[in-house]
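Read off the chains here:
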Amino acid sequence: MSDDEDEVVYVKRQKTIHYGTLEETMENRMRHAKNETETSTTSNATSSNTQIPEYFDIELEIEKDKTALLEEFERKKKARQINVSTDDAEIKKSLRQLNEPICLFGEGPADRRIRLRELLSMMGDNAIAKRPDDDEKKTSKDGQDTNQTWFHEAPDTLRIARLWIADYSLPRAKKRLEEAREQTNIPSATKASRIVELQKKIQALMPQCSQVGDARPISACNFNEESTLLLVGSWSGLCKLWSVPDCELVQTLRGHSTQIGGVAFRNNSSTDRFSEVSMASCSTDGMVKLWSFKSEESVADINGHMPHRVSKLAFHPSGRFLGTACYDASWRLWDLEQKQEVLHQEGHTKAVHAIAFQNDGSVVLTGALDGFGRVWDLRTGRCIMFLDGHMGNIYAVDFSSNGYHMITGSEDHSCKIWDLRKRQCLYTIPAHTNIVSDVKYQKNGGHFIVTASYDKTIKFWSKTWQPLKTITHDSKVMSVDISQNSTYIATTSYDRTFKIFHE
């Protein structure tokens, strides 16, 4: 090759993909249609040469995916709206009715509940056949409406008790209203000075004594009317009577075999009467014991609650009746004069934990683990007020001496003030940082409130629900009580001690 000869330049041709124009596509389609009409014998051959390429419809597939996603979203939304029981036994029954395994490997109750909800979202809410239950069937008889309130005939003992309570409470209510009218005539300056003086006394509260009361945590305490004795109950099953304020052991009451939940002094009882009932206590095995002074053995036993736990009890202001809060979702009223149960009241959906009587003796307040409180009229048996607002179990209730203010303490760390006249909640006190174990109004006037909690504190609140004082303990505070003359404050603790505070 000579130098004069032109050099050959090699250019690498780029690969291009040609999809064809719209005109070419239309010509191919027309040519294909023409060949099919000309001859039927060569249609297969010509069609193979002039076959139109297949196209993938992306929009159609995207639409299908969208539809599937929307259907899944709606199904999950429906699943969230389906109400499924939190009871694991009920969930297993439902799965069994759907012919599904009641338990998968490694599946817990929460996972099982989610699986049941997913199944119901796909099968429908009516997939589970409702189990026939004679107790839940609503049948109408003689054309009567099944939603109306029905009554049954009560024994004569209840009629006698209600008539007696009406005769007892009406004069006391009249007297209370007269005293309230007299209070309105007192100058506001005098009232303010009294409140300021009382608040100063609260601020000056000091520990009077601290006593190891038992070998196990002390769960309850109560002052007598004279403010000279303090009754405490322990998880060991012992009740002990201590003198106030020197904290000397006066009497030991033996009889309970399980943890004591509540203790109470009987109203209008005297320490000189050794043969009559003066005290009461209850325990977790459902036993209620009645005690007298100068005797270590119980005067009488009430075993009508067994085997259900009795958490708290309280004497009626007259001293004739005893109210008990039971874990069978009911509360009982016992007539100590007729020596029998006169009322077994249901209405709560869960265990009743706390009970308190109004000073007039006409109504009673109960609090339960369903988070609701109820006010009952003892003269008619009706629930006259429903206390709805707490987000947890109610563990403590109390009435103010004015007859219409109430307080409830709950697992949600708060206390609520209720007005019986307005039938509504007046105020919510964000009282503690743990369970509120006990609440008490000042017995004479209701000018301050004391709350106890598992956060190891007791707190004092004014009549307008402002904080006054906080006292810290070394352990959980189980209960608190205020003496009748408002001179002493007693607390019991999980560390097996009780303390008495004095101004």
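Structure's up top.
How each quantity is defined
- Residues numbered from 1 in each chain as written.
- Predicted model: local features only at pLDDT ≥ 70, side-chain atom pairs only at ≥ 80, totals over all residues.
- Heavy atoms only, no water.
- Helix = DSSP H or I, 4+ residues; strand = E, 2+ residues; numbered from the N terminus.
- Buried < 20%, exposed > 50% of the residue type's maximum accessible area, 1.4 Å probe, protein only.
- Contact = heavy atoms within 4.5 Å.
- Disulfide = S-S within 2.5 Å.
- Salt bridge = Lys/Arg side-chain N within 4 Å of Asp/Glu carboxyl O.
- Core = buried A, V, L, I, M, F, W, Y, C linked by side-chain atoms within 4.5 Å.
- Polar contact = N/O pair within 3.5 Å; in protein donor to acceptor, adjacent residues only side chain to side chain.
- Pairing = 2+ DSSP bridges.
- Axes fitted to C-alpha atoms, helices over the stretch in contact; angles between N-to-C directions.
- Phe/Tyr/Trp six-rings, centres within 6.5 Å; stacked < 30°, edge-to-face > 60°.
- Lys NZ or Arg CZ within 6 Å of the ring centre and 35° of its normal.

K.L.:
Help me understand the overall build of the protein, please; the structure alone is not making it clear to me.
P.N.:
Of regular secondary structure, the protein possesses seven helices and 28 strands. With 503 residues in all, the protein has 45% of them scored as buried. Restricting to contacts in the protein with at least 6 residues of sequence separation, those with at least 24 account for 46%.

K.L.:
What's the story with the state of the cysteines in this structure? I'm lost.
P.N.:
Between two cysteines, a covalent bond joining their sulfur atoms is known as a disulfide. With the rule as written, the count across this model stands at one disulfide. At a sulfur-sulfur separation of 2.1 Å, the disulfide partner of Cys209 is Cys247. One end of the pair, Cys209, is in strand S1 (residues 206-212); the other, Cys247, is in the loop between strand S4 (239-243) and strand S5 (249-253), with 38 residues separating them in the sequence. Each member of the pair, Cys209 as well as Cys247, carries the same accessibility label: buried. Not part of a disulfide, Cys239 finds its nearest cysteine sulfur in Cys282, a span of 9.0 Å. Cys326 takes part in no disulfide bond, and the closest cysteine sulfur to it belongs to Cys282, at a distance of 9.8 Å.

K.L.:
Mind showing me how you'd approach the pattern of salt bridges here?
P.N.:
Two side chains that carry opposite charge are able to pair once their charged atoms sit near each other. Applying the stated criterion across every chain yields a total of 16 salt bridges. Arg112 serves as the salt-bridge partner of Glu107, at 3.9 Å between the closest nitrogen and oxygen. Residue classification places Arg112 among the buried residues on the basis of a relative accessible area of 4%. With a shortest N-O distance of 3.2 Å, Asp438 and Lys440 are connected by a salt bridge. Grouping residues by exposure puts Asp438 and Lys440 together as buried. Taken together, the shared-partner salt bridges in this structure form one network comprising Asp88, Lys92, Glu107, Arg112 and Arg115.

K.L.:
Sorry if this is basic, but what is going on with the nonpolar core here?
P.N.:
As a rule of thumb, soluble globular proteins bury nonpolar side chains together. With 17 residues, the main nonpolar core has Trp331, Leu333, Leu343, Ile355, Phe357, Val364 and Leu378 as its most contacted residues. The set of elements that each furnish at least two residues to this core consists of helix H6 (156-184), strand S11 (321-326), strand S12 (330-335), strand S13 (340-346), strand S14 (352-357) and strand S15 (363-368). Excluding anything up to four places from it in sequence, Trp331 contacts Thr324, Ala325, Leu343, His344, Gln345, Val352, Ile355, Val364, Thr366, Trp376 and Leu378. The next biggest cluster of nonpolar side chains, apart from the first, holds 15 residues, and it includes Ile202, Val450, Ile489 and Phe501.

K.L.:
Sorry, what's going on with the environment of Ser486 here?
P.N.:
Structurally, Ser486 is set in the loop between strand S26 (477-482) and strand S27 (488-493). Sequence-wise, Ser486 and Lys443 are 43 residues apart; in three dimensions their C-alpha atoms are separated by 7.2 Å. A distance of 3.1 Å separates polar atoms of two side chains, one belonging to Ser486 and the other to Gln442.

K.L.:
Just checking my understanding: could you explain the sheet that holds strand S10 (residues 310-315) for this structure?
P.N.:
In a beta sheet, neighbouring strands pair by backbone hydrogen bonds and run either parallel or antiparallel. One open sheet accounts for four strands, arranged S10-S11-S12-S13; its pairing is antiparallel. Each edge of the open sheet carries a strand with a single partner, namely S10 and S13. When the angles between neighbouring strand axes are averaged without regard to direction, this sheet yields 20 degrees. Judged from the six bridges that link them, S12 and S13 form a sheet pairing that is antiparallel.

K.L.:
Please clarify how the pairing of strand S18 (residues 394-399) should be interpreted in this entry.
P.N.:
Every regular strand shows the same layout, with side chains that alternate between the two sheet faces. Counting buried positions over the six residues of S18 gives six, a clear majority of the element. Across five bridges, S18 lies against strand S19 (residues 405-410) in antiparallel orientation. The residue bridging Ala396 from the neighbouring strand is Gly409, located in S19. Linking two consecutive strands that pair antiparallel, namely S18 and S19, is a turn of five residues; a positive phi of about 95 degrees is found at Gly403 within it.

K.L.:
Looking at this structure, I do not really get the sheet that holds strand S23 (residues 448-453). What am I missing?
P.N.:
Strand order in the open sheet made by the four strands is S22-S23-S24-S25, with antiparallel pairing throughout. Each having just a single partner strand, strand S22 (436-441) and strand S25 (467-472) make up the two edges of the open sheet. Neighbouring strand axes in the sheet, compared pairwise and without regard to direction, differ in orientation by 15 degrees on average. Bridge count between S23 and strand S24 (residues 457-462): five bridges; the pairing is antiparallel. Among the inter-strand pairings, Phe448 is bridged to a residue of S24, identified as Ser462. Docked against the sheet, helix H7 (residues 188-203) engages S23, S24 and S25, running at close to 15 degrees with respect to S25.

K.L.:
Would you mind going over the side chain of Ser311 with me for this structure?
P.N.:
Inspection of the secondary structure puts Ser311 in strand S10. Ignoring anything within four residues of it in the chain, the contact list for Ser311 reads Gly261, Gly262, Cys282, Ala325, Tyr327, Val352, His353 and Ala354.

K.L.:
Even after reading the chapter, I still don't get the side chain of Arg332, so can you show me in this structure?
P.N.:
Here Arg332 shows up in strand S12. A polar contact is formed between the side chain of Arg332 and the side chain of Ser330, at a distance of 3.3 Å. If near-sequence neighbours (up to four positions away) are discounted, Arg332 is found in contact with Gly304, His305, Leu322, Gly323, Thr324, Cys326, Glu341, Leu343 and His344.

K.L.:
Could you clarify how one ought to interpret the packing of aromatic side chains in this entry?
P.N.:
Within a pair of aromatic rings, the relevant descriptors are the distance that separates the centres and the angle that separates the planes. Summed over the entire model, instances satisfying the criterion amount to nine aromatic pairs. Both rings, one in Trp164 and one in Phe321, keep their centres 5.8 Å apart while their planes meet at 65 degrees; by these two values the pair is edge-to-face. Note that Trp164 is positioned in helix H6 and Phe321 in strand S11, a separation of 157 residues in sequence. Owing to a relative accessible area of 30%, Trp164 belongs among the partly exposed residues under this scheme. Here Phe448 and Phe460 contribute two aromatic rings whose centre-to-centre distance is 6.3 Å and whose plane-to-plane angle is 45 degrees, an arrangement assigned as tilted. On the criterion of sequence distance, the pair formed by Phe448 in strand S23 and Phe460 in strand S24 is long-range, its members being twelve residues apart. There is no split in this pair, since Phe448 and Phe460 are both buried. Three or more aromatic residues link up through ring pairs in this structure, and these residues are Trp164, Tyr168 and Phe321. Lying across the ring of Tyr404, Arg421 places its NZ or CZ 3.7 Å from the centre.

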